[in-house]
Amino acid sequence: RKEVEQDPGPFNVPEGATVAFNCTYSNSASQSFFWYRQDCRKEPKLLMSVYSSGNEDGRFTAQLNRASQYISLLIRDSKLSDSATYLCVVTYNNNDMRFGAGTRLTVKP
Amino acid sequence: DAGVTQSPTHLIKTRGQQVTLRCSPKSGHDTVSWYQQVLGQGPQFIFQYYEKEERGRGNFPDRFSARQFPNYSSELNVNALLLGDSALYLCASSLGPVSYEQYFGPGTRLTVT
């Protein structure tokens, strides 16, 4: 079983749609959680941190469920510019970041 | 404000050769981490360096080594290249070894033939 698992997609949604991505992790000692975004043939960029209390940044909402070892990302009112691969990241031992394989999103006009 | 830079951008090597990749961290950052990203996968952690010392190591063979210089720049070396080493090698920098806000460079795309 992979340490960080994501549905690879692709998710093809129309502009304005709401889309949700899920991620599960296997190591209960995991300390911190993030979503990164990676555009085609570009480097990953931090999208947002994920907290148990949930956090929201504009159209993006991230949630963590430690008991179920599950992380989610919700994107509301999708824009064409949201098209990218979304990487779930779990860290432990303070400096060991484990990335999921990513979920590809395409937003169509 | 200079971001993370990496060189070269692309590289083609043959099996058995050795390669050195270079990274300069974002201005003000003192920690560098290296990742390998194979097509269709997420980045895999190779090393982290802080204060010129290795602070973390992923599950990679001893053919992979790295070092950090006094100006915080870093080099990743891979010896005895295998076809499976073909990947995008990403460098990320941060302020301190436990800062999770990492800034990635554009990567070096290595092809081993």
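Residues numbered from 1 in each chain as written. Chains lettered and ligands numbered in written order. Predicted model: local features only at pLDDT ≥ 70, side-chain atom pairs only at ≥ 80, totals over all residues. Heavy atoms only, no water.

Caption draft 1: Main features of the overall build of chain B. What chain B contains, in helices and strands, is zero helices and 11 strands. In chain B, the order of α-helices and β-strands from amino to carboxyl end is β-β-β-β-β-β-β-β-β-β-β. The C-alpha atoms of chain B give 13 Å as radius of gyration, which agrees with the globular expectation for 113 residues (13 Å, within 12%). Based on the C-alpha atoms only, the size of chain B along its principal axes is roughly 35 × 25 × 25 Å. Split into buried and exposed, the 113 residues of chain B put 51% on the buried side. A total of about 5300 Å² of accessible surface is found on chain B, and carbon and sulfur atoms cover 49% of it. Here chain B contributes 10 positively and 9 negatively charged side chains, and the mean placements of these two sets differ by 9 Å. (Helix = DSSP H or I, 4+ residues; strand = E, 2+ residues; numbered from the N terminus. Rg over C-alpha atoms; globule rule 2.2 N^0.38 Å. Buried < 20%, exposed > 50% of the residue type's maximum accessible area, 1.4 Å probe, protein only. Areas by Shrake-Rupley, 256 points an atom, 1.4 Å probe, with all protein chains shown as cover. Lys, Arg positive; Asp, Glu negative; His and termini not counted. Charge placed at Lys NZ, Arg CZ, Asp CG, Glu CD.)

Caption draft 2: Fine view of the interface of chain A and chain B. With 19 residues of chain A at the contact, the number on the chain B side is 20 residues. Connecting chain A to chain B are zero salt bridges. Here chain A is connected to chain B by one residue pair in polar contact (both at pLDDT 80 or more). Within the residue set of the side of chain A that touches chain B, elements represented by two or more residues are β4 (32-38), β5 (44-50), β9 (84-92) and β10 (96-99) of chain A. A total of four residues in the side of chain A that touches chain B trace back to one element, the largest contributor, which is β4(A). Among the residues forming the side of chain A that touches chain B, the class breakdown is eight nonpolar, seven polar and four charged. (Contact = heavy atoms within 4.5 Å. Salt bridge = Lys/Arg side-chain N within 4 Å of Asp/Glu carboxyl O. Polar contact = N/O pair within 3.5 Å; in protein donor to acceptor, adjacent residues only side chain to side chain. Nonpolar A, V, L, I, M, F, W, Y, C, P; charged D, E, K, R; others polar.)

Caption draft 3: Focus on the packing of aromatic side chains. If you walk through the whole model with that rule in mind, you get 11 aromatic pairs over all chains. Ring geometry for Phe21(A) versus Tyr86(A): centroids 5.3 Å apart, planes at 35 degrees, classification tilted. On the criterion of sequence distance, the pair formed by Phe21(A) in strand β3 (residues 19-25) and Tyr86(A) in strand β9 is long-range, its members being 65 residues apart. There is no split in this pair, since Phe21(A) and Tyr86(A) are both buried. Geometrically, the ring pair formed by Tyr35(B) and Phe104(B) is tilted, given 5.4 Å between the ring centres and 50 degrees between the ring planes. On the criterion of sequence distance, the pair formed by Tyr35(B) in strand β4 (residues 31-37) and Phe104(B) in strand β10 (residues 103-104) is long-range, its members being 69 residues apart. Here Tyr35(B) and Phe104(B) have matching classes, each one buried. (Phe/Tyr/Trp six-rings, centres within 6.5 Å; stacked < 30°, edge-to-face > 60°.)

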